[in-house]
Amino acid sequence: MITVIGETVADTFVPAHQPTPGALDLRVRPGGGPANTAVALGRLGAPVTFAGRIPAGPLGDLLRAYLSDSDVDLSRAVTAAEQATLALAAVDEAGHAQYAFYANGTADFQWTAAELASATPESACVHAGSLALALEPSGPLIEKLLHERRAAATISIDPNIRPGIVPPDRYRRLLPGWTSVADVFRLSSDDLTVLRPGATLPQACDDWHADGVRLVVITCGADGAYASLDGQRFQVPARPVTPVDTVGAGDAFTAGLLYRLHTGGALGERLTGLTPDLLTRALTFASDVAAETCRKQGADPPRLADLAA
């Protein structure tokens, strides 16, 4: 079992051309970095459970359906009294989204220690990240749980930096706590610019290996992915695609990577079964999953059969 901890978000898209003068017509789709990763894992066929606080009401129903219809186990998810988190996304001509978040006091970040413990079963891998790991009160509780579960589980973190809602200085203060517990640390080149301004990819990887991270993966958009396993470097190209948008592509990449590590028997404790050949195949597969996600609006990752086709 892979456990994913984090937020679900109602992604609200602003169409480029508004059909109604004097009004802002919006389209709401389910999303949220951790939720997207859980959905992609479920659609690929991995055994995955989502530890999240999902509100009641129409938005909560949308978010629950997004997860459960993708074979994500929600048996331990919390039904929260607070409102859903909203993200207002404007997508440019290249498919890149600019976000405004409405997250103050929303359901995703109000964990208690008792709720979180009961929502996270023992697993071979625990994946966390994004805003739930950066905001309070959720962030310190999740980080503490990751340290507790590390004895028996592979810990995966995707920081999914949102400098518009979390100040960059806060991310940099939190970073050592994350790299001291993570076995897999996946981030984008944009994330790297915020976390380690001026650092090269090899410099950042070597520093994080010194903290204890075995596998660092940095996705670079159309330039592919760069990875370092205990200092051994790997690069894989991105699959060419004309994107509708890039929403959820990084989350889908993380899911593809964890899925291949799962099917290759490498998850559990400190990635002892991870070989260079398996990692290369996992990175290539993850790139394919991300590329397919870019073909649709919003976070809509493919199923395994879609990739075969």
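Bear in mind that the values here come from a model prediction, so they are computed numbers and not experimental data.

Describing the state of the cysteines
Then, number 1: Within this structure, the stated rule accounts for zero disulfides.
Then, number 2: Free cysteine Cys125: the closest other cysteine sulfur is in Cys205, separated by 19 Å.
Then, number 3: Residue Cys125 is classed as buried on the basis of its relative accessible area, which comes to 0%.
Then, number 4: The thiol of Cys220 is unpaired, and the distance to the nearest cysteine sulfur, on Cys205, comes to 9.7 Å.

Quick word on unusual backbone geometry
Then, number 1: Of note, the amide linkage connecting Glu136 to Pro137 takes the cis form, showing an omega dihedral of 5°.
Then, number 2: In this structure, Pro137 sits in the loop between helix H4 (130-134) and helix H5 (138-149).
Then, number 3: Phi is positive for Asp71, which is not a glycine, with a value near 65°.
Then, number 4: Structurally, Asp71 can be placed in the loop between helix H2 (57-68) and strand S6 (78-80).
Then, number 5: With a relative accessible area of 54%, Asp71 lands in the exposed category.
Then, number 6: Its identity as a non-glycine residue notwithstanding, Ser130 has a phi of 60°, on the positive side.

Calculation notes
Just so you know, the residues in each chain are numbered from 1, in the order the chain's sequence is written. Residue-level local features of this predicted model are given only where pLDDT is at least 70; pairs of side-chain atoms are given and counted only at 80 or more, and the full residue set underlies all totals for whole chains, interfaces and linings. Derived side-chain values reflect all non-hydrogen atoms in the structure, with water molecules and hydrogen atoms excluded from consideration. For the purposes of this analysis, a disulfide is any pair of cysteine sulfur atoms at a distance within 2.5 Å. Relative accessibility thresholds used throughout: buried, under 20% of the residue-type maximum; exposed, over 50%; partly exposed, between the two (1.4 Å probe, protein chains only). Every helix listed is a DSSP run of H or I at least four residues long, and every strand listed is a run of E at least two residues long, numbered separately from the N terminus.

That's the geometry; what it means functionally is another story.
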